[in-house]
Number of protein chains: 2
Amino acid sequence: MGDGVLVDGVLAPGATIGILGGGQLGRMLATAAAELGFRCHVFSPDGESPAFDVAAARTISSYESQQALAAFAGSVDVVTYEFENVPAETAEFLSGQAMVLPGVGALAASQDRLTEKELMRSLGLEVAPFAAIDSLDDLVAALERVGRPAILKTRRFGYDGKGQVKIGPGDDPAAALAAINHHPAVLEGFVTFTREVSAIVVRGRRGETACYDITENVHRNHILATSTVPAAIQPETAEEAKGVGMRIAEALDYVGVLAVEMFLVEEGGRERLIVNEIAPRVHNSGHWTQDGALASQFENHIRAVAGWPLASTARHSDAVMTNLIGAEADDWHALAAEPGARLHLYGKAESRPGRKMGHVNRITPKRG
Amino acid sequence: MGDGVLVDGVLAPGATIGILGGGQLGRMLATAAAELGFRCHVFSPDGESPAFDVAAARTISSYESQQALAAFAGSVDVVTYEFENVPAETAEFLSGQAMVLPGVGALAASQDRLTEKELMRSLGLEVAPFAAIDSLDDLVAALERVGRPAILKTRRFGYDGKGQVKIGPGDDPAAALAAINHHPAVLEGFVTFTREVSAIVVRGRRGETACYDITENVHRNHILATSTVPAAIQPETAEEAKGVGMRIAEALDYVGVLAVEMFLVEEGGRERLIVNEIAPRVHNSGHWTQDGALASQFENHIRAVAGWPLASTARHSDAVMTNLIGAEADDWHALAAEPGARLHLYGKAESRPGRKMGHVNRITPKRG
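Procedures and definitions
Residues numbered from 1 in each chain as written. Chains lettered and ligands numbered in written order. Predicted model: local features only at pLDDT ≥ 70, side-chain atom pairs only at ≥ 80, totals over all residues. Heavy atoms only, no water. Domains from an automatic or database assignment. Pairing = 2+ DSSP bridges. Helix = DSSP H or I, 4+ residues; strand = E, 2+ residues; numbered from the N terminus. Axes fitted to C-alpha atoms, helices over the stretch in contact; angles between N-to-C directions. Contact = heavy atoms within 4.5 Å. Buried area = accessible area lost by both parts, 1.4 Å probe. Salt bridge = Lys/Arg side-chain N within 4 Å of Asp/Glu carboxyl O. Polar contact = N/O pair within 3.5 Å; in protein donor to acceptor, adjacent residues only side chain to side chain. Nonpolar A, V, L, I, M, F, W, Y, C, P; charged D, E, K, R; others polar. Least-squares fit on C-alpha atoms with pLDDT ≥ 70 in both. Buried < 20%, exposed > 50% of the residue type's maximum accessible area, 1.4 Å probe, protein only. Right-handed = clockwise from strand over helix to strand, strands pointing away.

Engineer: Go over the domain arrangement of chain A, please, and point to the residues and values.
Structural biologist: Segmenting chain A into domains produces domain 1 (7-100), domain 2 (129-189) and domain 3 (195-365). Look at where the C-alpha atoms of domain 1 of chain A and domain 2 of chain A centre, and you get two points 35 Å apart.

Structure (structure tokens):
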């Protein structure tokens, strides 16, 4: 056992994993990596990054500083990231100097809603009707085809409902374009779904793929509120959803944890899946794995990027994950006293409205 | 939610927990603390301390530097420790400047085998026959009374079999005294036990006490090799062992996790417990709790010293914890590939013989 890299790029314990981004996902990745004997170097522009508190090394720098990126790349054995909005130039620069996983191609595909939807369609997966929007003319024509209500979303850099606007029957298309600052966009037809579900897939460096049990998600104000596992869907639908996730991971030649969010549509008792979006990273809807499975999504992501065998994704308990948004985390004392609840707090100093401060996993014996 | 201390000394998320000692126990305490939103400041004389890699702040200093200790005490909201051999002067100095938990009294009681055994006896608990040894005359007289074989142990600062020597029928008492450098000692009668078990107790700041399921331990070369839960003992004996642990914690007005190691003696189908020793800290025989219980011993220790409600000690799975000693950790790749096994590595650079490098928890559905 020693420092650094073994043959075939497999990282031995003692190696250093570089993490771009210092939020709660980076923090949970870092503690999972430490459990496997790795050191972590966290790179973040924010000096107050929650992940810094559990990292062996820290770089505070903008993602544009090539000097800082080069020093970072030189100090680590692999680079991974906790968010999909890593600037393309940053990812490309780093991948010239270090192993970057998941790869730059997967990152690029997920950064552009249009590319992503075209990929899904090319895989034969159902997505909501969509059209590329570069002008008001495009939008007017697309609304004719897709119908109303529809949702106009920027192609790049949206999350938690940012960068999107709903266009209802009476709404002015020009105002919608202005609301997203005339960024290149995609218009999506409205899907009347009964449930939102997600697949948390992990794919290793040798192409082995596994998927955690499908999670059912409830959003509030465009932010994930709860994830429940098992999802109340038919077993065949759950298997299909896992297959969708794994197919996408394979198509992207993906390494690491990938989240695939899907809508469930019910028609005459038949369940159908429509892929909503993918996230090339550990995902909020996979936080239940920390307490409901032997190995969490964070451990499996680290194993994948380190070239290790994947850990089992088997679930040992039922779980409901509830996000603690803003002031909800002020109830930490009551949550800490609740039997069967496991509290996770992110160490953020300030609880701004809408900010994810922590989550709680409520665990019950496995029934489903 | 803010930094620092709430009323009644309850620590809010964002508060800083000081940990004396930077080994694997400190490391696992630090990651457990981070999950609850705390920051950790680790104090260790060793610049290569595994716990530094997951700590928000680090002090590298001897335990004798009052200047470093004062700065440390001033930067944290509570001080705890990962090892029982904290010098008494260090603990006393710190407790004048900060809240130190578990308290100095419990630490002192566990640092002296004679005090410890007298305490057990005063509680009506059975211990091996023993005698205080300060001279060769004491030893010769004690051997007459206790019989041979017996074990001569230094009163202070022994662990993993260090500072103890067995005296068999033909052995020279003077040589035994020389082997422990004529330190003040205790002679212990030899106990013919069938099993070794331990109770991992946690006691909170308001006196609430809980105990994990009793663990059965196997030592090799005086170092813990495996811990298995549930222990193959009668249910009443397990309940009695839990009661023993909780009584000791109460007698010490203890706060935090306390380990009580016991011998199980079988006579005519009846099981009897003999207290061997206590450790005022998280303990190797409680590592299974990381993967076999909803909340680990590390989380419960942090909750206790922070003044939080304790988490459930309920076990959801059966578990066998196996230590990885020295070169055994070189098998990390095979262990990582084993289904149902959860690998924990401590990030130690050098795998010296006898050094604890990691452990693996093998988890199976709960039957016992």
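Resuming the write-up.
Engineer: Describe the sheet that holds strand E4 (residues 78-81) of chain B, listing the residues and the values that go with them.
Structural biologist: Residues and elements named next belong to chain B. In spatial order, the strands read E3-E2-E1-E4; together these 4 strands make up an open sheet with parallel pairing. In the strand order of this sheet, the two ends are held by strand E3 (57-60) and E4, each with one partner. Each strand of the sheet is rotated relative to its neighbour by a mean of 20°, with strand direction disregarded. The sheet contact formed by strand E1 (residues 16-20) and strand E2 (residues 39-44) spans 5 bridges and is parallel.

Engineer: With reference to specific residues and values, describe the interface of chain B and chain A.
Structural biologist: Listed by partner, the interface residues are 45 residues for chain B and 45 residues for chain A. Interface of chain B and chain A: buried area, both sides summed, is about 3,800 Å²; carbon and sulfur atoms make up 56% of it. For the interface between chain B and chain A, the tally reads 6 salt bridges. When the shortest N-O distance is used, the salt bridge between Arg-342 of chain B and Glu-299 of chain A registers 2.7 Å. Where chain B packs against chain A, one counts 20 residue pairs in polar contact (both at pLDDT 80 or more). For the side of chain B that touches chain A, the secondary structure elements donating two or more residues are helix H1 (24-35), helix H10 (297-306), helix H11 (332-336), strand E16 (341-345) and strand E17 (356-365) of chain B. Here the element with the most residues in the side of chain B that touches chain A is E16 of chain B; it accounts for 5 residues. Class assignment for the residues of the side of chain B that touches chain A results in 27 nonpolar, 7 polar and 11 charged.

Engineer: Please provide a residue-by-residue account of the relation of the copies chain B and chain A, values included.
Structural biologist: For the pair chain B and chain A, the superposition axis carries a translation of 0.0 Å, the fit reaches an RMSD of 0.0 Å, and the rotation angle comes to 180°. Given the turn and translation reported, the copies of this chain are related as if by a two-fold rotation axis. It is Val-54 of chain B whose C-alpha, among those of chain B, lies nearest the rotation axis, at 2.0 Å. When the interface residues of chain B are mapped onto chain A, 100% of them again lie at the interface, so the same face is used by both copies.

Engineer: Describe the environment of Gly-292 of chain A, with residues and values.
Structural biologist: Residue and element names in this part refer to chain A. Within the element layout of this structure, Gly-292 appears in helix H9 (residues 289-292). For the pair Gly-292 and Thr-364, spaced 72 residues apart in the sequence, the C-alpha separation amounts to 8.8 Å. In contact with Gly-292, other than residues within four places in its own chain, are Arg-315, His-316, Ser-317 and Ile-363.

Engineer: How would you sum up the pattern of salt bridges? Please name residues and give values.
Structural biologist: On inspection of all chains with the given rule, the structure shows 44 salt bridges over all chains. Across the salt bridge formed by Asp-253 of chain A and Arg-203 of chain A, the nearest N and O atoms sit 3.1 Å from each other. You can see Asp-253 of chain A sitting in the loop between helix H8 (235-251) and strand E13 (256-267) and its partner Arg-203 of chain A sitting in strand E9 (residues 195-203), a full 50 residues away along the chain. Judged by relative accessible area, Arg-203 of chain A falls into the buried class, the value being 10%. Between Glu-84 of chain B and Arg-281 of chain B there is a salt bridge; the shortest N-O distance is 2.6 Å. Taken as a pair, Glu-84 of chain B in the loop between E4 and helix H3 (88-95) and Arg-281 of chain B in the loop between strand E14 (270-279) and helix H9 (289-292) lie far apart in primary sequence, 197 residues in all. Arg-281 of chain B gets classed as buried once you look at its relative accessible area, which sits at 13%. One network of salt bridges, with partners in common, ties together Asp-213, Glu-239, Lys-242, Arg-315, Asp-318 and Arg-367 of chain B.

Engineer: Which residues make up the pairing of strand E11 (residues 215-220) of chain B, and what values do they have?
Structural biologist: All names here are of chain B. Note: strand E9 (residues 195-203) against E11, 3 bridges, orientation antiparallel. If you follow Glu-196 over to E11, its bridge partner there is Asn-217. Across 5 bridges, E11 lies against strand E12 (residues 223-229) in antiparallel orientation. Residue pairing in the sheet places His-219 in a bridge with Leu-224 of E12. Connecting E11 to the antiparallel partner E12 that follows it, the hairpin turn spans 2 residues, and Asn-221 within it adopts a positive phi of roughly 50°.

Engineer: I'd love a proper account of the sheet that holds strand E8 (residues 185-189) of chain A, names of residues and values included.
Structural biologist: Pairing between sheet strands relies on hydrogen bonds along the backbone, with the strands arranged either parallel or antiparallel. All names here are of chain A. What the 4 strands build is an open sheet, ordered E5-E8-E6-E7; its pairing is antiparallel. Each edge of the sheet is formed by a strand with only one pairing partner; in this case those strands are strand E5 (130-133) and strand E7 (164-167). Here the strands of the sheet are splayed against their neighbours by 20° on average, with no regard to which way each runs.

Engineer: Give a description of the pairing of E1 of chain B that names residues and reports values.
Structural biologist: Residues and elements named next belong to chain B. Counting buried positions along E1 gives 5 out of 5 residues, so the element sits mostly inside the fold. Residues Thr-16, Gly-18 and Leu-20 line one face of E1 and the alternating positions Ile-17 and Ile-19 line the opposite face, and both faces are buried. A crossover connection joins E1 to the parallel E2 through H1; in handedness this β-α-β unit is right-handed. With 4 bridges connecting them, E1 and E4 associate as parallel partners. Bridge assignment links Gly-18 to a residue of E4, and that residue is Val-79.

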